[in-house]
Amino acid sequence: MPRTKRLLDDCFLTDADRLTHHEAQALLRERIGPVVDIETIPLIEAAGRILAEDIVAPRDVPAADNSAVDGYAFAYADYVAGDGWFPISARIAAGHAADTPLATGTAARIFTGAVMPAGANTVAMQEDCTREERDGTEWVHIPPGLKDGANRRRAGEDIQAGAAILSPGVRLRPQEVGAIASTGKNDVTVYRRLKVALVSTGDEIIRPGNPLGPGQVYDTNHFLLTMLLQAAGAEPVDVGVLPDDADKIQATLADLAATYDAIVTSGGASLGEEDHLIDAIDALGHRHLWQIAIKPGRPMSFGQIGDCVVLGLPGNPVAAFNCFLSYVRPTLVAMSGGGFELPRAMMIPAAFEVPKRKLGRREFLRGILVTGDDGTLRVQKFARDGSGIITSLREADGLIEIDEDTPSIEEGAPVRVLLFTEFGLPPRSVSTSV
């Protein structure tokens, strides 16, 4: 008679009943859309916000033909017909347009950004020219070889009147804010920041600043996730640490769901007797996703309580970090009006090897960019793969993504790398010698 199985040895189970990485992302993409209102703010405060209106150019940018350099403006027809010498008949500075057309056969001293005078269509750079005085008149010699229209910026060369510059859903970087400013607009309509309740769970979790008792650990995830939420454009609100108490967790989630756009939790997402988060979501609302065939980060949950989205992350910091970037960040950005943003991957040769790996799950290794002896960029994996090793996040430049069907990795083979900068995070500081 076979022995009754008493323990669930999950390390040896397959991932066949779990969602794949792409299935999880597809589910989230399908179910999530903008949930926040819009507001109009001063343009100077718009960096990092998500645009909620069309931006159309009311006029040409630049508004008139102007000089791209400090130099001398002239008519190209006079240039090709003469010997390159021109009397200087005008001086035009930026912000001060010429009152009269340029006299035939003459040149104007002109400065960068100044409006081209009528009759002129070409500019020579001042450092290429020679000046001399003849009978009280300043002359300039324009060197041969200039092309018609050289160093002239045409009206509308950057943006033409009526052109659509930006559309709703764009995250405003300094570049986009500058483009809006060039139209003369000094405010902008954006989506309100998503308000997210951030919850830590577990009797063993305490906040830094308190003495560490037996079996306790400091709440790394709170600080890690707070800054990841801010980088995603959300407004995180600290709800504190919840104990391993089923009634307390359920009551707290019910209250938070009535106030916040989303709830992000860490810990309490597994099958342990003290992991009550999944039961609370099931009791209060609906759970749409739980258990993903990835490493690290398998016990990731996604559900809703009323109109509030609940995203449950694993307790181990590396697993929480990986799940946030892969699933939580694109979900929150989509809820914020920005679409389901997925990062671009770079294919970089591996500076490591993996002789054999388990199939059926997607792995995310911590990757460190290195330069090979031949000067080419390569990626090395962090030596240890544990999901609680915070050092691996600190020393990494990104995640090495290995799909479900790759049995091994040979050194030199190209691998997918998701750089942390793709998620709005600053690059790792690298010491350099002077």
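The text that follows walks through the structure, step by step, so that each part is easy to find.

Criteria and thresholds
Residues numbered from 1 in each chain as written. Predicted model: local features only at pLDDT ≥ 70, side-chain atom pairs only at ≥ 80, totals over all residues. Heavy atoms only, no water. Helix = DSSP H or I, 4+ residues; strand = E, 2+ residues; numbered from the N terminus. Rg over C-alpha atoms; globule rule 2.2 N^0.38 Å. Buried < 20%, exposed > 50% of the residue type's maximum accessible area, 1.4 Å probe, protein only. Lys, Arg positive; Asp, Glu negative; His and termini not counted. Charge placed at Lys NZ, Arg CZ, Asp CG, Glu CD. Pairing = 2+ DSSP bridges. Axes fitted to C-alpha atoms, helices over the stretch in contact; angles between N-to-C directions. Phe/Tyr/Trp six-rings, centres within 6.5 Å; stacked < 30°, edge-to-face > 60°. Bend = angle between axes of the 7 residues up to and from the residue. Contact = heavy atoms within 4.5 Å.

Bringing the overall build of the chain into the picture now. Looking only at helices and strands, the chain features eight helices and 26 strands. For the chain, whose C-alpha radius of gyration is 31 Å, the value lies well above the compact-globule estimate of 22 Å for 434 residues. Along the first, second and third principal axes, the C-alpha atoms of the chain reach 115 × 55 × 40 Å. The burial tally for the chain puts 45% of its 434 residues in the buried class. The positive charge centre, built from 41 side chains, and the negative charge centre, built from 59, are 4 Å apart in the chain.

Let's shift gears to the sheet that holds strand S6 (residues 107-110). Within a sheet, adjacent strands bond to each other through the backbone by hydrogen bonds, running parallel or antiparallel. With mixed pairing, six strands are arranged side by side in an open sheet as S7-S4-S6-S5-S9-S8. In this open sheet, the two edge strands, each paired with only one partner strand, are strand S7 (122-125) and strand S8 (130-134). Across the sheet, the axes of successive neighbouring strands diverge by a mean angle of 40°, strand direction being ignored. For strand S5 (residues 85-92) and S6, the ladder comprises four bridges, and the chain directions are parallel. In the sheet register, Arg-91 faces S6, and the bridge partner there is Arg-109.

Any two aromatic rings considered together are summarised by their centre-to-centre distance and by the angle between their planes. For the coordinates displayed, the defined rule picks out four aromatic pairs. Ring centres of Tyr-76 and Tyr-79 lie 5.6 Å apart, and the angle between their planes is 50°; on these two criteria the pair is classed as tilted. Note that Tyr-76 and Tyr-79 are positioned in helix H2 (residues 76-81) at a spacing of three residues, about one turn of the helix. Residues Phe-321 and Phe-420 carry aromatic rings whose centres are separated by 5.3 Å and whose planes lie at 85° to one another, so their mutual orientation is edge-to-face. With Phe-321 in helix H7 (residues 317-335) and Phe-420 in the segment after strand S26 (414-419), the pair connects residues that are 99 residues apart, well separated along the chain. The residues Phe-321 and Phe-420 share a single accessibility class, namely buried.

What follows covers the pairing of strand S9 (residues 137-141). Looking along a regular strand, one sees the side chains alternate between the two faces of the sheet. Where S5 lies against S9, three bridges are found, and the strand directions are antiparallel. Paired with Phe-86 across the strands is Val-140, a residue of S9. Sheet topology note: the S8/S9 ladder contains five bridges and is antiparallel. Pairing of Glu-133 across the sheet is with Glu-138, part of S9. In this antiparallel pair of consecutive strands, S8 and S9, the connection spans two residues, and Asp-135 shows a positive phi of 50°.

Let us look at H7. Because each turn of an α-helix spans 3.6 residues, side chains separated by three or four positions in sequence point in the same direction. At Phe-324, H7 is bent by approximately 50°, the largest bend along its length. Across the 19 residues that make up H7, a large majority, 19, are buried. Positive phi appears at Gly-337, one or two residues downstream of H7, with a value of about 100°.

Below, the discussion takes up the environment of Leu-284. On the secondary structure map, Leu-284 appears in helix H6 (residues 277-284). Note on Leu-284: relative accessible area 28%, which makes it partly exposed. Sequence-wise, Leu-284 and Ala-251 are 33 residues apart; in three dimensions their C-alpha atoms are separated by 9.4 Å. Beyond its immediate sequence surroundings of up to four residues, Leu-284 is in contact with Gln-250, Leu-253, Ala-254 and Ile-305.

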